[in-house]
Amino acid sequence: MPLQGSTHSSHFSFPCSEAVWENMARMCVKTRRLDVARVCLGNMGNARAAKALREVETEPEPEAQVAMLAIQLGMLEDAEKLFKCCQRYDLLNNFYQASGQWKLALETAESHDRIHLRTTYYNHAKYLESIGNKTLALTYYEKSDTHRVEVPRMLQDDTSSLEIYVNKMKDKNIYKWWAQYLESQSDMDSALRFYESAQDYLSLVRVHCYMGNIQKASEIANDTGDRAASYHLARHYEGHEDIKQAVHFYTRAQAYNNAIRLCKENGLDDQLMNLALLSNAEDMMEAACYYEEKETHMDRAVALYHKAGYVSKALELAFATQQFSALQLIAEDLNEYSDPALLARCSDFFITHSQYEKAVELLVAAKKYHQALELCVNQSLTITEELAERMTVTDSKDLSEEARKELLERIADCCMRQGNYHLATKKYTQAGNKLKAMRALLKSGDTEKIIFFANVCRQKELFIMAANYLQSLDWRKNPEILKTIIGFYTKGRAPDLLAGFYEACAQVEIDDYQNYEKALDALTEAFKCVSKAKDPSAGQQEVRLADLQHRITLIKKFVHARMLYVEDPGEAVQLCEALLEEPELDPAVRIGDAYGFLVEHHCQQGNFQMAYRKLEELQRLLPSQNVRYYVSPASLESLQKEMGVLMDRGDNRPIAKEDDEVEEDLNVS
């Protein structure tokens, strides 16, 4: 009958023999039609096969399901091929084991199903044991790593073989099993020997106690430190009312609650304290209550409450019993989460005993910031950055915004008095008072941060303050600072201050470098700035502008004379002579520079008499000045050579060799 057609029940409604249905089921293995196979198995009445087929439906591979059908129908070769086809080596391994093909099962497990290798070894060992092949079974029990239990069980009726095996393996677990067997046979000496080989110290101590060798048991427990052995021995001592030894071995076993129980029952208060400290919080609490109820050793009760985490209880008891040394230890664990009333009480205690730093910490933890600050000021305590941060309130629930800013400013004021300007700057900034922040920063002298702060805040007042500070530095040698000063005055809209700085620049160019061209540029910029300034007193502004204009004019004349000298020396000299007649020439043009110009000219022209006269005039006008500031060394050497004039080494004043020679030289001229 073809199976490819419809599986409707009408096709199978005619009566068939069981053999026909079985042949149809076998065809289903070939065609892999499990749906038809279920109908065939049902008509065959093969409930076991139907159940196996239903259970195998959870397998994801269809071949594995068909293979199970093949097994139920006795088609073992087909089942084997199907398992290999879908690479279900675990099922193939089980198939080989179930069919007694152990060689193939072992090969499959070793090659493809290593996750079940030990299980396969164990099952094979069980099979070998069942057929009486104990020697080979022993080997496979060892391969499955179950020999420590299975081999002694298997050989328990053959004690001589078992003893040989135990001595051969030298395994602690096997030694222990054998020792237990010997103990059950009342062979205590041999049992002790094998317990020792197994390093089973609990059993050693137990057997020694049973035999009355308490001293030996104590030595083993002390030497090995085995907790189970110590606990057993402690129980033995307690049973024989040797409390001291019982407490000792309970302690060795870390069974502190039992040791504490014995100490409390027998009044061993000294040992109780040490044991409680080694134990958990619950035991510490019980020991503390014990001390408190006895009203002795209250310091121990306080310490134990503290150690157990009951800080409030420890503090209350410490205050009640005047345990001030304990208070100092407890206060170290107090923080902002502690009871504010306890914090305040502890801070008062520390203030009374002049331990102000600890009192400040507790006041801060209690959020009594103003009292903490007042204590810092009164006792000259240094406010560290950590302390300042702890006093910086971030939660608006604690303080209003106004009160928070006031607190921050008070912290900053304290930092200012202590010279901690950077921290003061930080707190003033957090309070929103940038002006005070800049003042603190200026006192610190940190130029880089001053410039950065001014640029970040971008306030006119701060730009001006920063520029004023930068002027106090050596801006002459640092062009970047010079540019920053000009930029800050410009951003700060302070043209009058910028004009003053330009005037200072001009004077530096004149005094240090005799660079009148740059000085002229600087004064011109100053004039522009003053012109832009909005001065309420217009009269003063006009006077300043007139003064600047006058200085600019004088410098222009001197610069023009020096530039003209190359083309027309005579005209240039006349302009310079005329310039010397100008009222208030200095400081716009230094008199020394004008006379130096004339002395240089006459020396170059060979007119040393006139050069000498100009030099003397310069000396009369500026008696305290060194002429070398204005006259070149070459010209002075020429004068000395031609006129016989000696220059004083101190100030280079011209000194005639003899009065007669000088008079003669003057008459000749």
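Residues numbered from 1 in each chain as written. Predicted model: local features only at pLDDT ≥ 70, side-chain atom pairs only at ≥ 80, totals over all residues. Heavy atoms only, no water.

**So, the overall build of the chain**
Then, in step 1: Of the regular secondary structure elements, the chain holds 41 helices and two strands.
Then, in step 2: Within the chain, buried positions represent 42% of all 669 residues.
Then, in step 3: At a minimum sequence separation of 6, the contacts of the chain that also span at least 24 residues come to 41%.
Then, in step 4: For the chain, the exposed surface amounts to about 36,500 Å²; the carbon and sulfur share of it is 48%. (Helix = DSSP H or I, 4+ residues; strand = E, 2+ residues; numbered from the N terminus. Buried < 20%, exposed > 50% of the residue type's maximum accessible area, 1.4 Å probe, protein only. Contact = heavy atoms within 4.5 Å. Areas by Shrake-Rupley, 256 points an atom, 1.4 Å probe, with all protein chains shown as cover.)

**Some points on the nonpolar core**
Then, in step 1: Within the largest apolar cluster, 106 residues are counted, with the highest numbers of intra-cluster contacts made by Ile-383, Met-391, Met-438, Ile-555 and Leu-639.
Then, in step 2: The next biggest cluster of nonpolar side chains, apart from the first, holds 69 residues, and it includes Val-166, Ile-214, Val-302 and Ala-326. (Core = buried A, V, L, I, M, F, W, Y, C linked by side-chain atoms within 4.5 Å.)

**Some words on helix 24 (residues 340–352)**
Then, in step 1: Helix length check: helix 24 (13 residues) gives 18 Å between terminal C-alpha atoms against 18 Å at 1.5 Å per residue, within 8%.
Then, in step 2: Buried within helix 24 are the following residues: Leu-342, Leu-343, Ala-344, Cys-346, Ser-347, Phe-349 and Phe-350.
Then, in step 3: Just downstream of helix 24, Ser-354 is the residue with a positive phi angle, here 60°. (Expected span 1.5 Å × (residues − 1).)

**With respect to the environment of Ala-572**
Then, in step 1: You can see Ala-572 is positioned in helix 37 (residues 569–580).
Then, in step 2: Residues Ala-572 and Phe-558, spaced 14 residues apart in sequence, show a C-alpha to C-alpha distance of 9.0 Å.
Then, in step 3: Those residues in contact with Ala-572, other than ones at most four positions away along the chain, are Ala-561, Leu-564, Tyr-565 and Phe-597.

**Here's the deal with the pattern of salt bridges**
Then, in step 1: For the structure on display, the rule yields 21 salt bridges.
Then, in step 2: Of the charged contacts in the structure, one is a salt bridge between Glu-389 and Lys-427, with a shortest N-O distance of 3.0 Å. Remark: Lys-427 occurs in helix 29 (residues 421–430) and Glu-389 occurs in helix 27 (residues 385–390); sequence separation between them is 38 residues.
Then, in step 3: Residue Glu-389 is classed as partly exposed on the basis of its relative accessible area, which comes to 32%.
Then, in step 4: Of the charged contacts, one joins Glu-582 and Lys-557 as a salt bridge, the two residues approaching to 3.0 Å between their closest N and O atoms. With Glu-582 in the loop between helix 37 and helix 38 (591–605) and Lys-557 in helix 36 (residues 538–564), this residue pair connects regions lying 25 residues apart in the sequence.
Then, in step 5: Glu-582 sits in the partly exposed class, given a relative accessible area of 26%.
Then, in step 6: The class of Lys-557 is partly exposed, set by a relative accessible area of 39%.
Then, in step 7: Here the salt bridges do not stand alone but share partners, grouping Glu-385, Glu-389, Lys-426 and Lys-427 into one network. (Salt bridge = Lys/Arg side-chain N within 4 Å of Asp/Glu carboxyl O.)

**Comments concerning the side chain of Asn-626**
Then, in step 1: Along the chain, the position of Asn-626 falls in the loop between helix 39 (608–621) and helix 40 (633–643).
Then, in step 2: Asn-626 sits in the buried class, given a relative accessible area of 16%.
Then, in step 3: Here Arg-628 takes part through its backbone nitrogen, which lies 3.0 Å from a polar atom of the side chain of Asn-626. (Polar contact = N/O pair within 3.5 Å; in protein donor to acceptor, adjacent residues only side chain to side chain.)

**Here's the deal with unusual backbone geometry**
Then, in step 1: Residue Gln-87 is not a glycine yet carries a positive backbone phi of 60°.
Then, in step 2: By the secondary structure assignment, Gln-87 is in the loop between helix 5 (76–85) and helix 6 (89–98).
Then, in step 3: Of note, the phi angle at Glu-584 is positive, near 55°, even though the residue is not glycine.

**Things to note about helix 40**
Then, in step 1: Every buried residue belonging to helix 40 is among Ser-635, Leu-636, Leu-639 and Met-643, and all of these are buried. Buried residues of helix 40, seen end-on, are gathered within an arc of 100° and therefore sit on one face of the element. In helix 40, the exposed positions that point more than 90 degrees away from the buried face belong to Glu-637 and Lys-641.
Then, in step 2: Phi turns positive, to about 70°, at Gly-644, one or two residues after helix 40. (Arc of directions from axis to C-beta.)

**Brief notes about the confidence of the model for the chain**
For residues with low pLDDT, the predicted coordinates do not support detailed interpretation.
Then, in step 1: Of all residues in the chain, 89% have pLDDT values of 70 or greater, and the mean over the chain is 80.
Then, in step 2: Across the chain, helix 8 (residues 117–130) holds the top mean pLDDT of 90, while helix 41 (residues 659–668) sits lowest at 38.
Then, in step 3: Below pLDDT 50 for its whole length, residues 1–15 participates in 15 contacts with residues either more than four positions away or in separate chains.
Then, in step 4: Across residues 655–669, where pLDDT falls below 50, the model places eleven contacts with residues more than four positions away in sequence or in other chains. (pLDDT = per-residue confidence, 0-100.)

**Notes on the packing of helix 26 (residues 369–378) against helix 28 (residues 401–418)**
Then, in step 1: Put simply, helix 26 and helix 28 touch, their axes get as near as 11 Å, and they point 15° apart. Relative to helix 28, the element helix 26 lies roughly parallel. Where helix 26 crosses over helix 28, the two elements pack in a sense that is left-handed. Seen from helix 26, the contacting residues are Tyr-369, His-370, Leu-373, Glu-374 and Val-377; seen from helix 28, they are Leu-407, Arg-410, Ile-411, Cys-414 and Arg-417.
Then, in step 2: Grouping the constituent residues of the contact of helix 26 with helix 28 by class yields six nonpolar, one polar and three charged. (Axes fitted to C-alpha atoms, helices over the stretch in contact; angles between N-to-C directions. Parallel < 35°, antiparallel > 145°, perpendicular 65-115°, else oblique. Left-handed = near helix turned anticlockwise from the far one by under 90°. Nonpolar A, V, L, I, M, F, W, Y, C, P; charged D, E, K, R; others polar.)

**A short note on the packing of aromatic side chains**
Then, in step 1: Taken as a whole and judged by the stated rule, the model has 15 aromatic pairs.
Then, in step 2: The interplanar angle of 65° and the centroid separation of 5.6 Å between the aromatic rings of Tyr-231 and Tyr-250 together place this pair among those described as edge-to-face. Here Tyr-231, found in helix 16 (residues 227–239), pairs with Tyr-250, found in helix 17 (residues 243–252); they are 19 residues apart in sequence, far enough to count as distant.
Then, in step 3: Tyr-231 gets classed as partly exposed once you look at its relative accessible area, which sits at 32%.
Then, in step 4: Tyr-250 gets classed as buried once you look at its relative accessible area, which sits at 0%.
Then, in step 5: Aromatic pair Tyr-565 and Phe-597: ring centres 5.4 Å apart, planes at 75°, arrangement edge-to-face. In this pair, Tyr-565 sits in the loop between helix 36 and helix 37 while Phe-597 sits in helix 38, placing the two residues 32 residues apart along the sequence.
Then, in step 6: In this structure Phe-597 comes out as buried when scored by relative accessible area, which is 13%.
Then, in step 7: Through a chain of ring-to-ring contacts, the aromatic side chains of Tyr-516, Phe-558, Tyr-565 and Phe-597 assemble into a single cluster. (Phe/Tyr/Trp six-rings, centres within 6.5 Å; stacked < 30°, edge-to-face > 60°.)

**Regarding the environment of Gln-101**
Then, in step 1: Counting through the fold element by element, Gln-101 comes out in the loop between helix 6 and helix 7 (102–111).
Then, in step 2: Discounting residues that sit within four places of it in the chain, Gln-101 has contacts with Phe-95 and Tyr-96.

**Some words on the packing of helix 15 (residues 214–224) against helix 16**
Then, in step 1: Running from N to C, helix 15 and helix 16 cross one another at 145°; their axes reach a closest spacing of 9 Å. Remark: the crossing between helix 15 and helix 16 carries left-handed chirality. Within the contact between the two elements, helix 15 uses Ile-214, Ala-217, Ser-218 and Ala-221 and helix 16 uses Ser-230, Leu-233, His-236 and Tyr-237.
Then, in step 2: Residues of the contact of helix 15 with helix 16, tallied by class, amount to five nonpolar, three polar and no charged.

**Examining the environment of Phe-83**
Then, in step 1: When you line up the elements, Phe-83 lands in helix 5.
Then, in step 2: In sequence terms Phe-83 and Val-66 are 17 residues apart; their C-alpha atoms lie 9.2 Å from each other.
Then, in step 3: Contacts of Phe-83, omitting those with residues within four sequence positions, involve Ala-64, Ala-67, Ile-71, Arg-88, Leu-91, Leu-92 and Phe-95.

**Quick word on the side chain of Asp-200**
Then, in step 1: Relative to the assigned elements, Asp-200 resides in the loop between helix 13 (188–197) and helix 14 (201–211).
Then, in step 2: The contact partners of Asp-200, leaving out residues within four places of it in the chain, are Lys-176 and Tyr-195.

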